Amino acid sequence: MSRVFDPISKVWRRRKVWNTSRVKKSVGEVVYQSLMENLSTVCQISDDSGEIYTNERMLKAAVSFARGLTCKGINVGDKVIVLMHNYHYLLPCWLGCILAGVILCPFHFLNTSIKEELCELIALIEPKAMFTSYLEAIEMFQEIFEQLNIRCPIYVYENKIDGCHDMKPFFEEHVAGFHEFRPKSTVDPDRDLMVIILSSSTTGKPKLINGTHSQLLDLSVGSFSKLTFASTMQPGWHSEFILAFILLIQGCPRVIRAHYTIDDFLLMLERHKVQFIYIKPKDIFQMIKSRTIKTVNLEALKRVASTGEHMSIKMAQDLQKYIPKATILSCYGISDVGGGLTDCSDMKAFVHQLVGKIRRGFEFIVIDDNGKRLGPKTIGELCCRSMTLPFPGYYKNEKLTRQSLTKDGFFATGDLAYLDIDGNVFLIERKKFNIPYRGKLLNQGNVERIILENVEGISAVCVVDVESDQHGVMPYIAIVPDIGVTLKKDEIVQTVMKYHPFTFETKVFFFESLPMTISSKFRKHIIREMIMKKLYKSSE
C-alpha cells in the first residue's frame, strides 16, 4: 500500500516531517524576531530607485508606520487598503500594518477594474484608510467613499494631490525605540485574520478571501534556499504578498521594480545576479520572444518557478535553451486556501501537465460530477484540505464559504486533474474552461497553447465560450497581434485544426488589448462580452 494514497478512502495525504510543534504567534511577532536577529542583512533592493533596505531599515520604517497608524486612530482589527506599485516603501507599509494588528487589504487596480465591483467590496471592508501610488485611480476611490458615506483618508507618498495626505511621515516620525516595540499578538492564529485578499476574478466578480496568520506561517516552515529572489508578480496578487513575508522570515534578499517591461526584468536579473525567480507563463512567453534574453548573462539563475497557470512543455524547453544550468519548476496553488498546494515539479523531466507532488500537511481527493471519489489516474475535480488548519473562507460571505466545500469538508478547487499513486498532481484545466462541443470536451487552454506555439506574431490569445443556437456553445478566439504584424484569420484556424485532436467551428477576433487580472490571467467574462458586441455589430 502506498504511503501517499489510501485505496480505501481514496484520499492522498502527506504528513509534515518537520517542525511538528505549531507556532502560536502572529506573523508580526515572527517577522520582527527574524529581522532583529540579523539587523545588517540586506532584505530588499529596489532596482529602479536604488533604495537598499537592511533588516534594520525595514524594521525602523515598519515600526514607525505601525505607530503612525495608531496615532491616526487606526487600531487592531481595523482594515486598511493598500493599492500600490512595488516601490521600496510598499513592504514597510505592509509590515507596519501587520505589526500594528491592522487587517491588510492589498488591492489591485487595472484599466478594466469596474467601479461597481470595487464599490461592493469596499462596502464590505469599511476601510479606515487607503495608501496608494495609483494616482489615476484616486478620483474613482474618492467617489466610492463618498457614495458609501465612508470616511477613508487617502495617503500618497510625497503627496501633491489636493484632498490626499502624505504617507512619507509615517515612515519617519515614530522610529525612536524600535528595539522596545512589541508587535501585536494574536489570540487564535488559526482563525484571526491578518489579510483580506482579492481573488483574481478570471471568470466573474472578485471575491474577498480571508487570510490567517497560521496560513502564512505554515508556508514559511521547512527547508528554504538562501538565494536572491525576484518575481514578475504584482503586489495585489496573493503569491507576491506571501513570498515577500516568507523571504523576510527566511532571511533571503528580494529584488524589486515598481514598473517594468520584460526587458527591464531581464536586465535586472543580470545586474543583481538573481538566483531564483517566480514568474507567470505569459511573462515566460514574452521573455522567450524578447531580443534581450539573447544578450544578458543569466548564469547566476539557479531556479525558475512558473506559477499562476500551467506552463507547457514546449515553453519550458524554449526557456531552458537560454538558461541550461537552471532548474525550471512548475508550481500549483490556490489563493482561497492560502497558497501553494504542491511541491514544485522539475520541468527537466518534461512530463506533460505535471505540477508537482501533493504538499505536505494536505489531503487531496478527486471527484466526479456526482461527488464520487475517484482513484489514481482518473480525471475529475481536484479537492483539498489542510490536515491542521481550518478553511478560513470568504470575508462576510458564509454562503459562498459553505458552497466551496464538499460535504466532508474538502475545498473544491474548480480544477480538473488526476493524481498517480505516489501523489504526483497532473493539472488538466479549469473545469469551467472545458467547453462541451458536439458531445466532446474542448479544452480552451489547449487551443491557446497551439496558437502560441505555432503562430508567429502573437502577443496574447484567449479562447472563450459563447452561447450558440446550433452547438450550445461555440469556442471563439480573441487575439492581440504583435505591433506591426498582420495576421490572417483563416490561417490561424487552419493551424489550430492541424494540431487539435478534432475539428470544430470557430471564429477569430482581433483586439488591440485584452483585459487581464493582476495575476495576468484573462478576465474571460469581459472578453466574452467584447466578442458578443462584435458579433452583434456584424449581424446588424
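Structure's up top.
What comes next concerns the included structure. (Residues numbered from 1 in each chain as written. Predicted model: local features only at pLDDT ≥ 70, side-chain atom pairs only at ≥ 80, totals over all residues. Heavy atoms only, no water.)

## Some thoughts on the overall build of the chain
Quick reminder of the rule: Strands here are runs of E lasting at least two residues and helices are runs of H or I lasting at least four, both read from the DSSP assignment and numbered beginning at the N terminus. The quantity called the radius of gyration is restricted to C-alpha atoms. Its globule counterpart is 2.2 Å times the number of residues to the power 0.38. Relative accessibility under 20% of the residue-type maximum defines a buried residue, over 50% an exposed one, and the middle range a partly exposed one, all with a 1.4 Å probe and only protein chains included. Residues are treated as being in contact if the distance between any of their heavy atoms lies within 4.5 Å. Here, Shrake-Rupley sampling with a 1.4 Å probe gives the accessible areas, and only protein chains in the shown set may cover a residue. The convention is simple: Lys and Arg are positive, Asp and Glu are negative, and His and the chain ends are not counted. Positions of charges follow a simple convention, taking NZ of Lys, CZ of Arg, CG of Asp or CD of Glu.
From N to C terminus, the chain includes 14 helices and 30 strands. What you see for the chain is a C-alpha radius of gyration of 23 Å, in line with the 24 Å of a compact globule of 540 residues. Taking the principal axes of the C-alpha coordinates as reference, the chain spans close to 70 × 60 × 50 Å. Residues counted as buried form 56% of the 540 residues belonging to the chain. Restricting to contacts in the chain with at least 6 residues of sequence separation, those with at least 24 account for 68%. When the accessible surface of the chain is totalled, it reaches about 24,100 Å², and 49% of it is carbon and sulfur. Side chains of the chain give 68 positive and 60 negative charges; the mean places of these two sets differ by 5 Å.

## Overview of the packing of aromatic side chains
To describe a pair of aromatic rings, you give the distance between the ring centres and the angle between the ring planes. Keep this limit in mind: Here is the rule: rings of Phe, Tyr and Trp (six-membered ring for Trp) pair when centre to centre is within 6.5 Å. Planes less than 30 degrees apart are stacked, more than 60 are edge-to-face, and the remainder are tilted. Placement of a positive charge over a ring is assigned whenever Lys NZ or Arg CZ falls within 6 Å of the ring centre and within 35 degrees of the normal to the ring plane.
Enumeration over the complete set of coordinates arrives at 25 aromatic pairs. Arranged with centres 4.7 Å apart and planes meeting at 5°, the rings of Tyr418 and Phe426 form a pair that is stacked. Here Tyr418 matches Phe426 in class, with each residue buried. These aromatic residues form a ring-pair network of at least three members: Phe65, Tyr87, Tyr89, Phe131, Tyr155, Tyr157, Phe170 and Phe171. Stacked on the ring of Tyr53, the Lys or Arg Arg57 has its end atom at 3.9 Å from the ring centre.

## Notes on the packing of helix H2 (residues 55–71) against helix H3 (residues 90–99)
The packing of two helices is summarised by the inter-axis angle and the distance between the axes. Counted only if it meets this: The convention used is that axes are lines fitted to C-alpha atoms, helices contributing only their stretch in contact, and that angles between N-to-C directions extend from 0 to 180 degrees. Each angle gets one of four labels, with under 35 degrees taken as roughly parallel, over 145 as roughly antiparallel, 65 to 115 as roughly perpendicular, and the rest as oblique. For any pair of crossing helices, the crossing counts as left-handed if the nearer helix is rotated counterclockwise from the farther one by less than a right angle, and right-handed if it is rotated clockwise. Each residue is assigned to one of three groups, with Ala, Val, Leu, Ile, Met, Phe, Trp, Tyr, Cys and Pro labelled nonpolar, Asp, Glu, Lys and Arg labelled charged, and all others, Gly among them, labelled polar.
Between H2 and H3, the shortest axis-to-axis distance is 7 Å and the interhelical angle comes to 55°. The pairing of H2 with H3 is recorded here as oblique in orientation. In the crossing of H2 with H3, the sense of the turn from one axis to the other is right-handed. Here H2 contributes Met58, Ala61, Ala62, Val63, Phe65, Ala66 and Leu69 to the contact with H3, which in turn contributes Leu91, Pro92, Cys93, Leu95, Gly96, Cys97 and Leu99. Here the contact of H2 with H3 is built from residues that sort into 13 nonpolar, 1 polar and no charged.

## Regarding the pattern of salt bridges
What counts, and what does not: Think of a salt bridge as a Lys or Arg side-chain nitrogen and an Asp or Glu carboxyl oxygen that are within 4 Å of each other.
As enumerated under the stated definition, the model contains 23 salt bridges in all. The partner of Arg257 in a salt bridge is Asp47, and the shortest N-O contact between them spans 2.6 Å. Of the two residues, Arg257 sits in the loop between strand S13 (254–256) and helix H8 (262–271) while Asp47 sits in the loop between strand S3 (42–46) and strand S4 (52–54), which places them 210 residues apart along the sequence. For the pair Arg257 and Asp47, one class covers both residues: buried. One salt-bridge network, in which partners are shared between bridges, spans Arg13, Glu363 and Arg385.

## Considering the sheet that holds strand S24 (residues 411–419)
We count it as follows: When DSSP finds at least two bridges between two strands, those strands are taken to pair.
Taken in spatial order, the 8 strands of this open sheet run S1-S2-S22-S23-S24-S25-S21-S19, and their pairing is antiparallel. The open sheet has two edge strands with one neighbour each: strand S1 (5–6) and strand S19 (342–343). Of the pairings in the sheet, the one linking S19 to strand S21 (residues 354–358) comprises 2 bridges and is antiparallel in character. From the neighbouring strand, Thr342 faces S21, where its bridge partner is Ile358.

## Quick notes on unusual backbone geometry
Despite not being glycine, Lys10 shows a phi value in the positive range, around 55°. Overall, the relative accessible area of 28% leaves Lys10 in the partly exposed class.

## What about the pairing of strand S15 (residues 303–306)?
To keep it simple, the criterion reads: Viewed with both strands pointing away, a crossover whose connecting path from the first strand over the helix to the second turns clockwise is right-handed.
Where strand S14 (residues 276–279) and S15 come together, 4 bridges link them in parallel fashion. Note on S15: the bridge partner recorded for Ile277 is Val304. On the question of chirality, the crossover connecting S14 to the parallel S15 by way of helix H9 (residues 281–289) is right-handed. In the sheet, S15 pairs with strand S16 (residues 327–330) via 4 bridges, with the strands oriented parallel. When the sheet's bridge partners are listed, Ser306 is paired in S16 with Ser330. One crossover worth recording links S15 to the parallel S16 by way of helix H10 (residues 313–320), and it is right-handed.

## So, the nonpolar core
Buried together is how nonpolar side chains tend to be arranged in soluble globular proteins. Quick note on the threshold: Take the buried residues of types Ala, Val, Leu, Ile, Met, Phe, Trp, Tyr and Cys, join any two whose side-chain atoms come within 4.5 Å, and each joined set is a nonpolar core.
If you look at the biggest cluster of nonpolar residues, it comprises 75 residues, and the most contacted ones within it are Phe131, Met167, Phe245 and Phe364. Every residue in contact with Met167, bar those within four places of it in the chain, is listed here: Phe65, Met84, Tyr89, Cys93, Phe131, Tyr155, Val156 and Tyr157.

## Description of a positive patch on the surface
Defined as follows: Exposure above 30% relative accessible area and no salt bridge define the residues that can form patches, which grow by joining like charges within 9 Å and nonpolar side chains of Val, Leu, Ile, Met, Phe, Trp and Tyr within 5 Å.
A surface patch of like charges, here positive, comprises Lys489, Lys533, Lys534 and Lys537. The leading source of residues in the positive patch is helix H14 (residues 524–539), at 3 residues. Locating Lys489 in the fold gives a position in helix H13 (residues 489–499). Lys489 gets classed as partly exposed once you look at its relative accessible area, which sits at 41%.

## A closer look at the environment of Cys344
Tracing the backbone shows Cys344 in the loop between S19 and strand S20 (345–346). Since its relative accessible area comes to 35%, Cys344 is described here as partly exposed. In this structure, Cys344 is in contact with Leu329, Ser330, Cys331 and Gly356, ignoring residues within four places of it in sequence.

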